[in-house]
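Structural description and commentary
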Amino acid sequence: MTPFKFALALALLAGPVAAKAPSIVCPANLRAATSAELVFAGADGARSPVNEADWRAFVSREVKPRFPDSLAVSDVYGQGGQGPFARQPAKAVLLVFTGAERERDKVHAIRDAYRDLNRGDRVMLFETPACVSF
């Protein structure tokens with residue numbers, strides 16, 4: 001296991017704690033923060049996670065209320081399983097933690113809501129230190 005994967009696994013196992021800014025040095029006019037990226041993929045890997053209307057409703061209902069000021073949404077493609085690369089549609093949400101209590105709980109609630117809505121579809125989570133400015 002690489003040091004990055006080990007650190008990521010350790011962070012995920014640490015459970016719900018406040019998302020404190022990481023110990024990194026940022027250039028002038030940027031501040032240290034933590035970013036989280038969620039990638040929503042379909043269980044069969046061949047279809048869009050949800051249709052556009054349902055996706056917009058999901059973001060409005062589950063994501064925006066939890067992170068009203070710090071999110072971006074985009075269409076992405078990925079690959080799952082073995083074999084040649086196949087463009088598999090997915091959705092991505094980029095969040096920036098403010099340092100407020102229980103932000104990680106909110107991320108997990110979003111993942112759970114998506115899984116419940118879409119019969120267990122996968123939601124990948126990346127969490128990284130970042131330098132941000134708004």
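In what follows, the structure referred to is the one given above.
The model shown is predicted, which means the values in this text are computed figures rather than measured ones.

Another aspect to go through is the overall build of the protein chain. Helix and strand counts for the protein chain come out as three helices and four strands. Listing every helix and strand of the protein chain by position from the N terminus yields α-β-α-β-β-α-β. Each of the 134 residues in the protein chain was classed as buried or not, and the buried ones make up 34%. Here the protein chain displays about 8100 Å² of accessible surface, and carbon together with sulfur accounts for 59% of that area.

Before going further, it helps to spend a moment on the pattern of salt bridges. Inspection of the entire model under this criterion finds seven salt bridges. A salt bridge links D75 to K91, with the shortest nitrogen-to-oxygen separation between them at 2.4 Å. Note that D75 is positioned in strand β2 (residues 71-78) and K91 in strand β3 (residues 88-96), a separation of 16 residues in sequence. The class of D75 is exposed, set by a relative accessible area of 54%. Residue E127 pairs with R104 through a salt bridge whose shortest N-O separation is 2.3 Å. With a gap of 23 residues between them, E127 in strand β4 (residues 123-132) and R104 in helix α3 (residues 103-117) connect regions that are remote in the sequence. Classification of E127 as buried rests on a relative accessible area of 16%. Taken together, the shared-partner salt bridges in this structure form one network comprising E52, D75 and K91.

Our focus in this paragraph is the nonpolar core. L38, F40, F58 and L95 are the most contacted members of the largest nonpolar core, which has 17 residues in total. Contributions of two or more residues to this core are made by β1 (31-41), α2 (52-63), β3, α3 and β4.

This part takes up the packing of aromatic side chains. A ring pair, where both rings are aromatic, is described by two values, the distance of the centres and the angle of the planes. Overall, the coordinates contain seven aromatic pairs when judged by the stated rule. Between F40 and F58, the ring centres sit 5.9 Å apart and the planes meet at 75°, which makes this aromatic pair edge-to-face. One end of the pair, F40, is in strand β1; the other, F58, is in helix α2, and 18 residues separate them in sequence. Measuring from centroid to centroid gives 5.8 Å for W55 and F58, while their planes differ by 25°, and the two rings are stacked. One end of the pair, W55, and the other, F58, are both in helix α2, three residues apart, so they sit about a helical turn from each other. Of the two residues examined, W55 and F58, each falls in the buried class. Through successive ring pairs, a cluster of aromatic residues spans F40, W55, F58 and Y114.

You will see that N29, though not glycine, has its phi angle at about 75°, which is positive. By the secondary structure assignment, N29 is in the loop between α1 (3-14) and β1. Here the phi dihedral of R102 falls at roughly 65°; this positive angle occurs in a residue that is not glycine. For R102, the location among the structural elements is in the loop between β3 and α3. R102 sits in the exposed class, given a relative accessible area of 52%.

Parameters and conventions
Residues numbered from 1 in each chain as written. Predicted model: local features only at pLDDT ≥ 70, side-chain atom pairs only at ≥ 80, totals over all residues. Heavy atoms only, no water. Helix = DSSP H or I, 4+ residues; strand = E, 2+ residues; numbered from the N terminus. Buried < 20%, exposed > 50% of the residue type's maximum accessible area, 1.4 Å probe, protein only. Areas by Shrake-Rupley, 256 points an atom, 1.4 Å probe, with all protein chains shown as cover. Salt bridge = Lys/Arg side-chain N within 4 Å of Asp/Glu carboxyl O. Core = buried A, V, L, I, M, F, W, Y, C linked by side-chain atoms within 4.5 Å. Phe/Tyr/Trp six-rings, centres within 6.5 Å; stacked < 30°, edge-to-face > 60°.

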